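The primary structure of each chain is shown beneath.
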Amino acid sequence: GGRLAVAAPGAAKAKARPRPQVSGGAAAAAPGAAQAKAKAKSRLHEGMDAAVFRPAEGWVHKGATPLGELFIGKVVAGEVTNVLSERVWLNIGAEKDASFWCKGHSFKVGDSLSGLAIDNIDLKKGYVILLPPAANEEKEGA
């Protein structure tokens, strides 16, 4: 029988033994795995274009409120800056646009929305996720 080795927390991982190269099969497909994943992701939004193309400088608003000053539950307002399928982005006066998902919406770039609560903030990725308008109305009515 084999022995099971348990590493202590913080212990360095042992080097893996090199595997023999096999022609064909999964080993040969591995280099193309990243390309296949990218192709599948591009098919996700196939036939759909964002309302606005990404600016060369990115979606950053210089001099705006730092994301670290926002908090979950804060109610914000803003102008729609982009729309792609079921996702809507708004300029809420922060360094980066906030977004929410909403099926069957009719929002357009330039629309003003208010009363939206921040649902999640990811400082590492620079994301601010809002509750969609219908979810905000349900929360207010509760």
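Please read these numbers as outputs of a predicted model, since none were measured by experiment.

**Q** Go over the environment of S112 with me, naming the residues and quoting the values.
**A** Position of S112 among the secondary structure elements: in strand β4 (residues 112-122). Residues S112 and A77, 35 residues apart in the sequence, show an inter-C-alpha distance of 7.5 Å. Residues within four places of S112 in sequence aside, it is in contact with G78 and E79.

**Q** Describe in detail the nonpolar core, supporting the description with residues and values.
**A** Core analysis: the biggest nonpolar cluster contains 18 residues, and L70, L90, I92, F100, V128 and L130 have the highest contact counts within it. Contributing elements (two or more residues each) for this core: β1 (75-84), β2 (87-91), β3 (98-101), β4 and β5 (127-130). Looking at this core, the element that brings in the most residues is β4, giving 4 residues.

**Q** Lay out the environment of I92 in plain terms, naming residues and giving numbers.
**A** Its place among the elements puts I92 in the loop between β2 and β3. Under the relative-accessibility criterion, I92 is labelled buried at 14%. With 36 residues separating them along the chain, I92 and V128 place their C-alpha atoms 9.7 Å apart. In this view, I92 contacts L70, V76, A77, G78, A98, V128 and L130; residues no more than four positions away in its chain are not counted.

**Q** Give a detailed account of the pairing of β1, specifying residues and quantitative values.
**A** By the criterion of burial, β1 is predominantly enclosed, with 7 of the 10 residues buried. Direction of pairing for β1 relative to β2: antiparallel, over a ladder of 5 bridges. Each residue of the ladder has a partner; that of V83, found in β2, is V88. Here β1 hands over to β2 after 2 residues, with S85 in that stretch at a positive phi of 55°.

**Q** Outline the packing of aromatic side chains, supporting the account with residue identities and numerical values.
**A** Counted under the stated rule, the structure contains 1 aromatic pair. For the ring pair F100 and F107, a centre distance of 5.7 Å and an interplane angle of 90° mean the geometry is edge-to-face. Classification of F100 by relative accessible area gives buried; the value is 0%.

**Q** So, the pairing of β3: which residues are in play, and what are the values?
**A** A regular strand places its side chains so that they alternate between the two faces of the sheet. Looking at chain direction, β2 and β3 are connected through 4 bridges and run antiparallel. Paired with R87 across the bridge in β3 is W101. Counting the residues in the hairpin turn of β2 and β3 gives 6 residues, including G93, whose phi is positive at 90°.

About the thresholds
Residues numbered from 1 in each chain as written. Predicted model: local features only at pLDDT ≥ 70, side-chain atom pairs only at ≥ 80, totals over all residues. Heavy atoms only, no water. Helix = DSSP H or I, 4+ residues; strand = E, 2+ residues; numbered from the N terminus. Contact = heavy atoms within 4.5 Å. Core = buried A, V, L, I, M, F, W, Y, C linked by side-chain atoms within 4.5 Å. Buried < 20%, exposed > 50% of the residue type's maximum accessible area, 1.4 Å probe, protein only. Pairing = 2+ DSSP bridges. Phe/Tyr/Trp six-rings, centres within 6.5 Å; stacked < 30°, edge-to-face > 60°.

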